[in-house]
Amino acid sequence: MSGALLVLYPGSFDPVTNGHLDIIQRACRLFDRVLVAVSTQVDKRPLFSLEERLEMLREVTAPLRRQVEVEAFDGLLVHYAVNRGAKAVIRGIRAVTDFDYEFQMSLMNRRLCEELETVFLVPAEAYTYLSSSLVKEVAGLGGSVTGLVPSQVERKLEEKLASERDRRKQSGGCRDG
Ligand code: COA
């Protein structure tokens, strides 16, 4: 699509939640194309591998495939954005607590690339308390995450947590208590 307005939605998506999906849907109403960019940085010690995170995102955004693309990126976000021809970066703001960090990031990105704008979107109220860590913690302790993540992700979480438990048992389970 020539002249189509492309926006990036970057993050670690470990895993993608309904809050992320809500932001993607909102971005689709504003932009022609949305490139969901999955960070390859491992400093957050992700539960899911990069391939698993990409696969889950592709699966849950399949109904929007005409507008949404999912890709991994490494290095500076601004370099990736310029290379891909993106005009803006989307970030979700869930609460005032997000603001400081997001403000810092958007100003640093602007310093690095004056032309790249950051657009803040607010997710549906029901998802304002949601984060991937909280989802993993609740699921890991046996709580229900139904309605917080897409059903495919809920299944993958169950599988992953079960295999993590097996792995820990095999490598000397007494630490599990
Ligand atoms: N619904 C639910 N959760 C949401 C959400 C939403 N709408 N929006 C954000 N979150 C959560 C995420 O799940 C994540 O939760 P977690 O910390 O429990 O995993 C948390 O908010 C942070 O968001 P995330 O999307 O993971 O972004 P991040 O803050 O880790 O930033 C990059 C990641 C990739 C955007 C950033 O590190 C980056 O740009 N890296 C590239 C290197 C670079 O250019 N650095 C200079 C930056 S100025």
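Preceding this paragraph is the structure being described.
Numbering of residues starts from 1 in each chain and follows the order in which that chain's sequence is written. Residues qualify for local features only when their pLDDT is at least 70, as the model is predicted, and side-chain atom pairs are given and counted only at 80 or more; totals for whole chains, interfaces and linings, by contrast, use all residues. Processing note: side-chain calculations cover all non-hydrogen atoms of the structure and skip hydrogens and water entirely.

Only heavy atoms are used to decide nearness, and a residue is near a molecule or strand if one of them lies within 4 Å of it. Close to the ligand lie 24 residues; Ser12, Lys44, Leu77, Ser132 and Ser133 are nearest. Any pair of N or O atoms that falls within 3.5 Å is considered a polar contact. Within protein, one atom must be able to donate a hydrogen and the other to accept it, and sequence-neighbouring residues count only if both atoms are side-chain atoms. A distance of 2.6 Å separates an oxygen atom of the ligand from a polar atom in the side chain of Ser12. Here an oxygen atom of the ligand sits 3.0 Å away from a polar atom, N or O, in the side chain of Arg94. To measure how exposed things are, a 1.4 Å probe is used in the Shrake-Rupley method; for residues, cover is taken only from the protein chains shown. With the chains in place, 85% of the 940 Å² that the ligand exposes on its own is no longer accessible. Elements supplying a minimum of two residues to the shell around the ligand: strand E1 (6-11), helix H1 (18-30), helix H4 (96-112) and helix H5 (132-140). Strands here mean DSSP runs of E at least two residues long; helices mean DSSP runs of H or I at least four residues long; both are numbered from the N terminus. Top element by residues in the shell around the ligand is H4. It accounts for four residues.

Bridge count for strand E2 (residues 33-39) against strand E3 (residues 68-73) is six bridges, and the pairing is parallel. Residue pairing for E3: Val36 is matched across the bridge by Val70. Note on the crossover from E2 through helix H2 (residues 50-60) to E3: the handedness is right-handed. Two strands make a pair as long as DSSP finds a minimum of two bridges between them. Seen with its strands pointing away from the viewer, a crossover is right-handed if its path from the first strand over the helix to the second goes clockwise.

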